[in-house]
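Geometric and topological summary
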Amino acid sequence: MGSEVAIPRTSADTQRGCESTSSRDLPMIFKQRIAILCLALVAIHQSIVACSTFFLTNTISKFQANQAYFADLCLYLAAMAIPYLPGCASFVALQRWINQSHGALVEKFTSTVTSNRPNYRNHAMREKVTAVLARNSFPVLKDYLSFVHDLASFSLNSLLSISVIVFLLPTQLVSGYCLSLALCFVIVISLQKKISQASSRSEYAYLRYSGLLCGFWPNAALGNTHNESIWRAQRETAGREFYSSSNRLEALRQSGNVLLAAASLGPTIFLIVAIARDGNVAPTIIAALIVSLTRIFLIVNSLSTLVYRVLDYSSLHARLKVLFDARSDLATHARETIAGVVDIWINKTRIRNVSEGKSIVASSTCGRFTVTGANGSGKSTFLLALKQEYGEACFLLPADYANLAWTKDCHTLSTGQRLAEHLAEILEIKAVRCILLDEWDANLDGDNIQKIEKILHSLSATKVIVEARHSRSQT
């Protein structure tokens, strides 16, 4: 064995650091080019709708004055029909926006966790990230961006509706509209924190519950009553927590909705009644008011919907933060280094720390190193430390390699055949100079162990083979 370090450290595999915290992930969603197109289509849609109100008012006025109104009527009908084009197109753009944002988020998670060995054996982190990314990320993003789409639409609708009230209807209604707006936002401010907290609790409860539901098949179908009864108890506890938290959240949101409806409709109803009972108001104003009642209540309902959507933002943002916090946790753990005390044997030499083991392996250009030790002694930790140290020069094949992606589909092969195929594929990777195997013999019979032994013996002539095995395998 020479003194040359056979496995060089790769700069690409050193600490990548935290790309951003959860508070910096939000702009990623709005940097998609399709977002501008989507919101522009919403603006066009609402502008045309606002024009329809103007044309309808002109039509009614000219009709009452026995003037020619046909042109205004045609413009009104066109303004009612044309908005469907940009309106429907905005929803197509919205779906593309959702898809692109989700793809960007998945890429951010991938970039954060790639080559992040300290997290690999963190089962709690694994379950959390899997639940968030695989099961929750798309629905949460879809709900959030749909909210943004609706909020933009309702905001423009409300803004243009104010113009309608100011220019087309009795001015007294403006004060009612402004009072409604003020009352609504007082309600929003008072309920925002409670809804945000309730939404976070519901989201985390759902993640725990859905995680348990992922264990449905083996626990329910295998027939082991012991496992099934434990799973049922855990599922029922998590289910009660989720259902209860989601019920409380919805009750809180709908209570806010009732208050908002009262705040938005109350002042307007009072003012309409006051105007109608005022003996000094001109009959033409009363006529215009009665004709416009439907539009007035549509405008006020639009205000209520707008403010309620603002209230709903607290809930949606809390769910989105759960998503970003999972990536933030990954980025924090990415700064950790695998090190510390181990109690393992490498080719019958006792090793008490990771650095000592690294120096033994790094001193060779080829050969076979067998790592043994008791359960929990640090065999897998040592392999992860080698992978973290030398990056792409090492290929780590974990004990649970069934879910790794491979060029060839080997699911129909036996365990021994599958392992042989994977080793052949690893051999074709030019950058790999060291193959790390974590208990490759755990599920193989004697014949298959002998076949893989021959393959590894052949590979060790040109590669460094480091294999973690139970001591019994060497007996």
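Scroll up a little and you will see the structure.
Notes on the structure follow. Source: prediction; values computed, not measured. (Residues numbered from 1 in each chain as written. Predicted model: local features only at pLDDT ≥ 70, side-chain atom pairs only at ≥ 80, totals over all residues. Heavy atoms only, no water.)

Remarks on the overall build of the protein
Using the following cut-off: Labels follow the DSSP assignment, with helices taken as runs of H or I lasting at least four residues and strands as runs of E lasting at least two, numbered in each case from the N terminus. Between two residues, a contact is recorded if the distance between any of their heavy atoms is within 4.5 Å.
Tallying secondary structure elements over the protein gives 15 helices and 6 strands in all. Expressed as a percentage of contacts within the protein between residues at least 6 apart in sequence, the contacts between residues at least 24 apart total 81%.

Quick word on the packing of helix H2 (residues 33–64) against helix H4 (residues 84–113)
Applicable threshold: Each axis is a line fitted through C-alpha atoms, and for a helix only the stretch in contact is used; angles between axes span 0 to 180 degrees, taken between their N-to-C directions. Just so you know how the angles are binned, under 35 degrees is roughly parallel, over 145 roughly antiparallel, 65 to 115 roughly perpendicular, and the rest oblique. Each helix crossing is assigned a hand: it is left-handed if the near helix lies turned anticlockwise from the far helix by less than a right angle, otherwise right-handed if that turn is clockwise.
For the pair H2 and H4, the least separation of the axes is 8 Å and the interaxial angle reads 160°. It follows from the interaxial angle that H2 and H4 lie roughly antiparallel. Crossing geometry of H2 relative to H4 is assigned as left-handed. Residues Ile34, Ala35, Cys38, Leu39, Leu41, Val42, Ile44, His45 and Ile48 of H2 pack against Pro86, Gly87, Ala89, Ser90, Ala93, Leu94, Arg96, Trp97 and Gln100 of H4.

Some details on helix H9 (residues 225–277)
For clarity, the cut-off: Under the convention used throughout, the expected extent of a helix is 1.5 Å for every residue step, that is, one less than its residue count. Two axes are fitted around each residue, one to the seven residues ending there and one to the seven starting there, and the angle between them is reported as the bend at that residue.
Helix length check: H9, at 53 residues, gives a terminal C-alpha distance of 75 Å against a target of 78 Å (1.5 Å per residue), a fit within 8%. Within H9, the axis deviates most sharply at Leu265, by approximately 30°, and proline Pro267 lies no more than four positions further along.

Some thoughts on the state of the cysteines
Note the following rule: Cysteine sulfur pairs qualify as disulfides if the two atoms are within 2.5 Å.
Counted under the stated rule, the structure contains 0 disulfides. With no disulfide of its own, Cys434 lies closest to Cys394 among cysteine sulfurs, the gap being 4.0 Å.

Considerations on H2
Worth spelling out the cut-off: The buried label applies to any residue whose accessible area, calculated with a 1.4 Å probe on protein chains only, is under 20% of its type's maximum; exposed applies above 50%, and partly exposed to all values in between.
An ideal rise of 1.5 Å per residue puts 46 Å on 32 residues; H2 measures up with 48 Å between its terminal C-alpha atoms. For H2, the full list of buried residues reads Ile34, Ala35, Cys38, Leu41, Val42, Gln46, Ser52, Thr53, Phe55, Thr57 and Thr59. The positive-phi residue at the C-terminal boundary of H2 is Asn66, with phi of around 60°.

Section: the nonpolar core
Stated precisely, the cut-off is as follows: Definition used in this section: a nonpolar core is a set of buried Ala, Val, Leu, Ile, Met, Phe, Trp, Tyr and Cys residues joined via side-chain atoms within 4.5 Å.
Ranked by size, the top nonpolar core spans 31 residues in total, and within it Ile29, Trp97 and Leu320 carry the most contacts. Of all elements in the fold, only helix H1 (22–30), H2, H4, helix H6 (123–168) and helix H11 (293–333) reach the threshold of two or more residues within this core. Not counting residues within four places of it along the chain, the set of residues in contact with Trp97 comprises Ile29, Phe30, Gln32, Ile34, Ala35, Cys38, Leu39, Leu145 and Val148. In terms of nonpolar packing, the next biggest core, distinct from the first, is built from 22 residues, Phe382, Ala385, Cys434 and Ala468 among them.

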